[in-house]
Amino acid sequence: MKMIEAITEQLPAWRERVNRLRTQFGSLKVCDVTVEQIYGGIRGVQIQVSDISYVDPYEGIRLRGYTIPEVLEYLPKKPGSDFPLVGGLYYLLMTDRLPNEAEADEVEQEWASRSQIPEHVYQVIRQFPRDTHPMTLFSVAIMALQPSSQFASKYAEQMFTSEGLPKGDYWKYYLEDSMNLIAKLPGIASFIYNYKYRNEEIVSYSPELDWSANFARMIGKAEDLRYQDLCRLFFVIHSDHEGGNVSAHTSYLVSSALSDVYLSCAAGMNGLAGPLHGLANQECIRWVLQVREAFGGHVPGKEELTDHLRRQLQAGKLIPGYGHAVLRVTDPRFTVQYEFAKKYISNDPNIELIGRVFEVLPPILAENGKVKNPYPNVDAINGALQYHYGVKEFDFYTVLFGMSRILGLTAHIVWGRILGKPIERPKSLTTAMLEQLAEKS
Ligand code: CMX
C-alpha cells in the first residue's frame, strides 16, 4: 500500500523530532494544573499530543493542518461528485500528505477487498433484542471482529518464538487491523440499520462504488446520488476532533495497553454513545420537530420564534446544537452542512427553521454572558439532513458519527504505535491530599 510507503518514508524524521523533544526538553513545563481543573473534567490541561487534528477556538477543526473548506476542496473526488472520497481523507489523516487520485483510490480499493464480514458478526447482532440501541450493536459487532486482529495474533505468537515482533513494527499490524475494520463498517452499520428498521437485508460491498456510496446503497439508497454526496460530506467532517474528546481519548488510552484496534475502537464507541458526547446529535432534530409542533407544524416567524426561545431559556432549558466546550465561533462543520442544505433542500421546513434559529438565537444566548459560545455546533443540523433524505430513526445517527470517527481514532492509535508511545498512567491524588496542599498554600 502507498500509505505504508508514505508513512515509512517519514518515520525516521518523526521519531527524531520526538526523541529530540524528549531527550533535550524532557523537563520543560508545558502547563500547570489547578484544583478546579482536576475536579472540572481536566478542561484545558495540555496533556496530550495529537498530530492528526487540532481544534482552534476561533477557526474550528484543522485536519492535518487543513481547515474543513480546504479539506473539502483539495481531496480527490469521484467523477460526478462534488464531495471527497473518504479513502483520500484517510490517506491524509494517516500519512500527513494530501493524496492524489490514485492514492485515494487505492485506499478505497483496499477497503473493497477487505469488506467481507464473517457470518458470526451478523449472528451476534441478531441475538440482541431489536429495540437494543444501535450503538450497542455497533460496539458488539466491532468486538465480534476482534478475533481477526492481526496484531493480537502476531503479538501472542511472538511470545513463544525466538524471533519476536520488533516494537518498531507494531504499527504495521495496527494499520492492517484499522484497514480491515474500516472496510467492514458500511456493512456492519447498514446491517444494524436494516435489522432494526428495514428488511434485515445483508447487502454485499460493491467495488464499483466508494465507501460512502456503499453505505448509502446498503441502506436502500442506491439511486439517491444526493444522499451519497451527503454521506461523503458527513463522513469527512466528523472524522476527527483532536485527541481529548471522550471517544478519541478513550480509544487511545485503551490502545496504549497494546489492546488491538478492535478492542480500542469498541471502547471509543462506548464513549461516543454517551448523551453528552455523540448521542447529543439525536436530540437536535427532536428539538427542531418539537418547535415546529409547538407552532402547528409551521415554521414560526422571527418574533414568535424569539419569544419561544426566550421562554425555553427562562425555563432553564438547553437549546441543543448550540454552544461548545472549545469552539468560540460557528462550527465550520455546521457551516458546510448548512451550505449543502441551502443549495439542495432549502425548501425543507426543518432547514428553514434551523436557518431562522441561527438568525435569532445567538444574540439571545449571548445576552447574559453566561454561554461561552452562543453559536451553532455541528449537531444543530446533522439530524435534519439525514431526516430529509429519509433516515428518520434518530437513534441511528450516532452510528453514522461512529463510522466516521473511527477514521480519526485509528489514525491516532496507529501513530501512537509509530511514535512508540508507552502505556498511559496518570497519577491520582486523594481529596485529603488536595486539602493538605490547600492548607499549605
Ligand atoms: N442552551 C442553553 N444554555 C446553554 C447552552 C445552550 N445551548 N450552552 C451552554 N449553556 C449554559 C450552560 O448550561 C452553562 O450554564 P450553567 O453555568 O448554569 O450550568 C453556561 O451556559 C455556560 O456553559 P459553557 O461554559 O458555555 O458550555 P460548556 O463548555 O459547559 O458546555 C456544551 C458545552 C456543548 C455541553 C453546552 O453548550 C451544551 O450543553 N449545549 C447543548 C447541547 C449540545 O449541543 N451538545 C453538542 C455538543 C457538540 C460537541 O461537543 O461537539
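Note that the coordinates shown come from a computational prediction; the quantities given were computed from them, not determined experimentally.

J.: Whenever I open this one, the overall build of the chain confuses me. Can you help?
T.: For the chain, the helix and strand inventory stands at 20 helices and three strands. Taken over the C-alpha trace, the chain has a radius of gyration of 23 Å; the compact-globule value for 441 residues is 22 Å, and the two agree within 12%. Its C-alpha atoms give the chain principal-axis dimensions of about 75 × 65 × 45 Å. Taken across its 441 residues, the chain has 44% of its residues classed as buried. Taking contacts inside the chain between residues at least 6 apart in sequence as the whole, the part at least 24 apart equals 74%.

J.: What should I look at first to understand the packing of helix α17 (residues 349–366) against helix α18 (residues 379–388) in this one?
T.: A pair of packed helices can be characterised by two numbers: the angle between their axes and the separation between those axes. Here α17 crosses α18 at 165°, and the two axes come no closer than 9 Å. Looking at the two axes, α17 sits roughly antiparallel to α18. With respect to the hand of their crossing, α17 and α18 are arranged in left-handed fashion. For the pair formed by α17 and α18, the contact residues are Asn350, Ile351 and Ile354 on the first element and Ala380, Ile381, Ala384, Tyr387 and His388 on the second.

J.: Just to check I follow, could you spell out helix α5 (residues 101–113) for this structure?
T.: What sets the pattern is the α-helix's 3.6 residues per turn: residues three or four places apart point alike. In this model α5 runs 18 Å from its N-terminal to its C-terminal C-alpha over 13 residues, within 8% of the 18 Å that 1.5 Å per residue would give. Listed in full, the buried residues belonging to α5 are Glu103, Ala104, Val107, Glu108 and Trp111. The buried residues of α5 all sit within an arc of 140° when viewed along its axis, so they share a single face. In α5, the exposed residues that point more than 90 degrees away from the buried face are Ala102 and Ser113. Structurally, α5 contributes buried residues whose contacts are with α1 (2–25), α4 (86–95), α9 (170–197) and α10 (211–218).

J.: Is there a simple way to think about the site of the ligand in this case?
T.: In the region of the ligand, 17 residues are neighbours, and Ala280, Tyr322, Gly323, Ala325 and Lys372 sit closest. Of the residues in the shell around the ligand, the class split is nine nonpolar, five polar and three charged.

J.: I'm lost on the nonpolar core in this one. Help?
T.: A general tendency of soluble globular proteins is for nonpolar side chains to be buried together. Core analysis: the largest hydrophobic core is formed by 115 residues, its most contacted members being Phe138 and Ile192. It is α9 that provides the largest number of residues to this core, a total of 15 residues.

J.: Explanation requested: the sheet that holds strand β3 (residues 66–67) in the structure shown.
T.: Remark on secondary structure: sheet strands pair via backbone hydrogen bonds, oriented parallel or antiparallel. Strand order in the open sheet formed by three strands is β1-β2-β3, with antiparallel pairing between adjacent strands. Across the chains shown, the open sheet's two edge strands, defined by having one partner strand only, are β1 (53–56) and β3. Note: strand β2 (residues 60–63) against β3, two bridges, orientation antiparallel. If you follow Arg62 over to β3, its bridge partner there is Thr67.

J.: What exactly am I supposed to notice about the pairing of β1 here?
T.: Each regular strand shows side chains that alternate between the opposite faces of the sheet. The side-chain alternation of β1 yields one buried face, formed by Ser53 and Val55, and one unburied face, formed by Tyr54 and Asp56. For β1 and β2, the ladder comprises four bridges, and the chain directions are antiparallel. Bridge pairing in β2 places Ser53 opposite Leu63. Remark: three residues form the turn of the hairpin made by β1 and β2, two consecutive strands paired antiparallel.

J.: Any chance you could explain unusual backbone geometry here in plain terms?
T.: Excluding glycine, residues mostly carry a negative phi; peptide bonds, for their part, are mostly trans. With phi around 65°, Glu200 is a residue other than glycine that occupies positive phi space. Looking at the element boundaries, Glu200 is found in the loop between α9 and α10. Using a count of 13 C-beta atoms within 10 Å as the deciding quantity, one classes Glu200 as partly exposed. Phi angles above zero are rare outside glycine, and Glu242 is one such case at about 70°.

J.: When you look at the environment of Leu175 in this model, what are you seeing that I'm missing?
T.: Tracing the backbone shows Leu175 in helix α9. For Leu175, a count of 25 C-beta atoms within 10 Å gives the class buried. The sequence separation of Leu175 and Ile4 amounts to 171 residues, and the corresponding C-alpha distance is 8.5 Å. Aside from chain neighbours lying at most four places away, what touches Leu175 is Ile4 and Val414.

J.: Which parts of the structure should I look at to understand helix α15 (residues 302–314)?
T.: Across its 13 residues, α15 extends 18 Å between first and last C-alpha, which sits within 8% of the 18 Å expected from 1.5 Å per residue. Looking one or two places after α15, you find Gly316, whose phi comes out positive at around 80°.

J.: Looking at this structure, I do not really get the packing of α4 against helix α19 (residues 397–418). What am I missing?
T.: Close contact between α4 and α19 brings their axes to 9 Å; oriented N to C, the two are set at 30°. The angle between α4 and α19 falls in the class roughly parallel. When the axes of α4 and α19 are compared, the crossing they make is right-handed. Contact residues: α4 offers Val86, Leu89, Tyr90, Leu93 and Met94, while α19 offers Leu407, Gly408, Ala411 and Val414.

What counts and how
- Residues numbered from 1 in each chain as written.
- Predicted model: local features only at pLDDT ≥ 70, side-chain atom pairs only at ≥ 80, totals over all residues.
- Helix = DSSP H or I, 4+ residues; strand = E, 2+ residues; numbered from the N terminus.
- Rg over C-alpha atoms; globule rule 2.2 N^0.38 Å.
- Buried ≥ 20, exposed ≤ 12 C-beta atoms within 10 Å, placed from the backbone.
- Contact = placed C-beta atoms within 7 Å.
- Axes fitted to C-alpha atoms, helices over the stretch in contact; angles between N-to-C directions.
- Parallel < 35°, antiparallel > 145°, perpendicular 65-115°, else oblique.
- Left-handed = near helix turned anticlockwise from the far one by under 90°.
- Expected span 1.5 Å × (residues − 1).
- Arc of directions from axis to C-beta.
- Near = placed C-beta within 6 Å.
- Nonpolar A, V, L, I, M, F, W, Y, C, P; charged D, E, K, R; others polar.
- Core = buried A, V, L, I, M, F, W, Y, C linked by C-beta atoms within 7 Å.
- Pairing = 2+ DSSP bridges.

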